[in-house]
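Listed here are the chains, written in short residue letters.
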Amino acid sequence: CRFIGGPGTKMTGVHPSAHVSPRARLGDDVEIGPFSIIHDNVVIGNRVTIGAYCELGIATALGDGSPLMIADGSLVRSHSVFYESSSFGPGLTTGHHVTVREKTIAGPGFQIGTLSEIQGDCLIGDYVRFQSNVFVGKKTTIGNFVWILPYVVLTNDPTPPSNVLIGCTVEDYASISAASVVLPGVTVGHHSLVAAQACVSRDVPPGMIVAGVPARVIGSTHGIKLRDGSGRAAYPWTRHFTRGYPAAVAADWSADNGE
C-alpha cells in the first residue's frame, strides 16, 4: 500500500496484511493491525492504534461526503467498524466489535464499550462513557460526562416501523443504568439517574431518580449514599469519582464542589 501523510510522516506498525487506501491520510506513529481495512475517505491523527480486523471509512449514501476523522491518541480495538462522515475528538477508545454509522460527532475522551452500536446522525459530548452492548438510535443527542451502562437502548421511532425519527436527549452528567430503555423524544435531565431496567417514557427532571416500567420519579439523587460505609452522598458523582478523567477536569470539579 502507498500511504499519504505530511512531510516526515512516520508510518510504524502497519501490519503487512492490512489494506490502507492511498487516499487515506494517516498521521505519525499510527499502528494498524492484521487484516484491517482503511478506506479512501479517512483521516487518522497521530499516535492512533487500530486493532485487527477493523474496517474504517465505509462509504455510504447516507453520509455527507466528509471523511471519517479519528483524532490523536485514539485506540480502536479489533473487529470495530466505522462509516465515513463521522468525527471523533482526541482519545477515542473502543472495545471490540463496535459499530458506528455516519454523521456521528463526538468530543474528546469518548469510550465505546464492546458490542455497542451507534446508528448515526448523533451528537455526543466530551468524556462520555458507554459500557458494553449499548444501542444508540439515530438523532440522539448526548451531553458531556454522561455514563451509559450495559444493554441500555436509546430509541428513536415512536411508531415502529416508520420514517418518523425522534431522538432522545441525555443531558450532562446523567447516568443511565443497565438494561434501561429510553423512548423516542425523551430528555434525561442533567445529573439525573435512571435505575436499572427502567422504561423511560417521559422526561426525567434534573437531579432526580426514575425507576420502574413505566419509569416514575422516586426521589432526588441527593438522597443516595455510597455503599462504602462512609455515609457520603453518591451524587453528584463528581465529588468522589475522577478515575480516568484529565487532571484539569477533576480540578474543576473539586473547585465546583468547594473542595
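Our structure is the block above this text.
Residues numbered from 1 in each chain as written. Predicted model: local features only at pLDDT ≥ 70, side-chain atom pairs only at ≥ 80, totals over all residues. Heavy atoms only, no water.

Let us look at helix H1 (residues 247-256). Taken as a whole, H1 has its buried residues at Val249, Ala250 and Trp253. One side of H1 holds all its buried residues, which, seen down the axis, span an arc of 95°. Turned more than 90 degrees from where H1 packs its buried face, Ala247, Ala248 and Ala255 sit exposed. (Buried < 20%, exposed > 50% of the residue type's maximum accessible area, 1.4 Å probe, protein only. Helix = DSSP H or I, 4+ residues; strand = E, 2+ residues; numbered from the N terminus. Arc of directions from axis to C-beta.)

Quick look at the layout of surface pockets now. What the largest pocket holds in volume is close to 350 Å³. Taken together, 15 residues form the lining of the largest pocket, with Ser175, Ala234, Tyr235, Trp237 and His240 sitting closest to its centre. Here the residues of the lining of the largest pocket sort into 9 nonpolar, 4 polar and 2 charged. (1 Å grid on protein atoms, 1.4 Å probe; cavity = no way out; pocket = protein on both sides within 12 Å on 5 of 7 lines; lining within 4 Å. Points joined across faces, edges and corners; volume = space filled by probe spheres on them. Nonpolar A, V, L, I, M, F, W, Y, C, P; charged D, E, K, R; others polar.)

Time to look at the pairing of strand S29 (residues 208-211). As paired strands, strand S27 (residues 193-194) and S29 are joined by 2 bridges and run parallel to one another. Bridging across to S29, Leu193 finds its partner in Ile209. Here S29 folds back onto strand S30 (residues 216-220), and the loop between the two strands holds 4 residues, one of which, Gly212, carries a positive phi near 100°. (Pairing = 2+ DSSP bridges.)

Formed by 49 residues in total, the largest nonpolar core has its most connected members in Phe88, Phe110, Ile118, Phe130, Ile142, Leu154 and Val200. Counting residues per element, the ones that place at least two in this core are strand S5 (42-44), strand S8 (68-70) and strand S17 (122-124). Beyond its immediate chain neighbours, meaning those up to four positions away, Phe130 contacts Phe110, Gln111, Ile112, Gly113, Ile118, Ile124, Val136, Ile142 and Ile148. Ranked by size, the runner-up nonpolar core spans 14 residues in total, among them Tyr127, Trp147, Trp237 and Trp253. (Core = buried A, V, L, I, M, F, W, Y, C linked by side-chain atoms within 4.5 Å. Contact = heavy atoms within 4.5 Å.)

Moving on, we get to the pattern of salt bridges. Using the criterion set out here, one finds 6 salt bridges in the structure. The partner of Glu102 in a salt bridge is Lys138, and the shortest N-O contact between them spans 3.1 Å. Note that Glu102 is positioned in the loop between strand S13 (99-100) and strand S14 (104-106) and Lys138 in the loop between strand S19 (135-136) and strand S20 (141-142), a separation of 36 residues in sequence. The same class applies to Glu102 as to Lys138, namely buried. With a closest N to O distance of 3.4 Å, Asp121 and Lys103 form a salt bridge. Residue Asp121 is found in the loop between strand S16 (117-118) and S17, and its partner Lys103 is found in the loop between S13 and S14; the two are separated by 18 residues along the sequence. (Salt bridge = Lys/Arg side-chain N within 4 Å of Asp/Glu carboxyl O.)

This part is about the packing of aromatic side chains. The full count for this structure, using the stated rule, is 16 aromatic pairs. Their ring planes at 75° and their centres at 6.3 Å tell us that Trp237 and Phe241 sit as a pair that is edge-to-face. In this pair, the class of Trp237 matches that of Phe241, namely buried. Grouped by ring-pair contacts, the aromatic residues Tyr127, Phe145, Trp147, Tyr173, Trp237, Phe241, Tyr245 and Trp253 constitute a single cluster. A cation sits over an aromatic face here: Arg101 above Tyr83, 4.1 Å from the ring centre. The aromatic ring of Tyr245 is capped on one face by Arg129, whose charged end is 4.0 Å from the ring centroid. (Phe/Tyr/Trp six-rings, centres within 6.5 Å; stacked < 30°, edge-to-face > 60°. Lys NZ or Arg CZ within 6 Å of the ring centre and 35° of its normal.)

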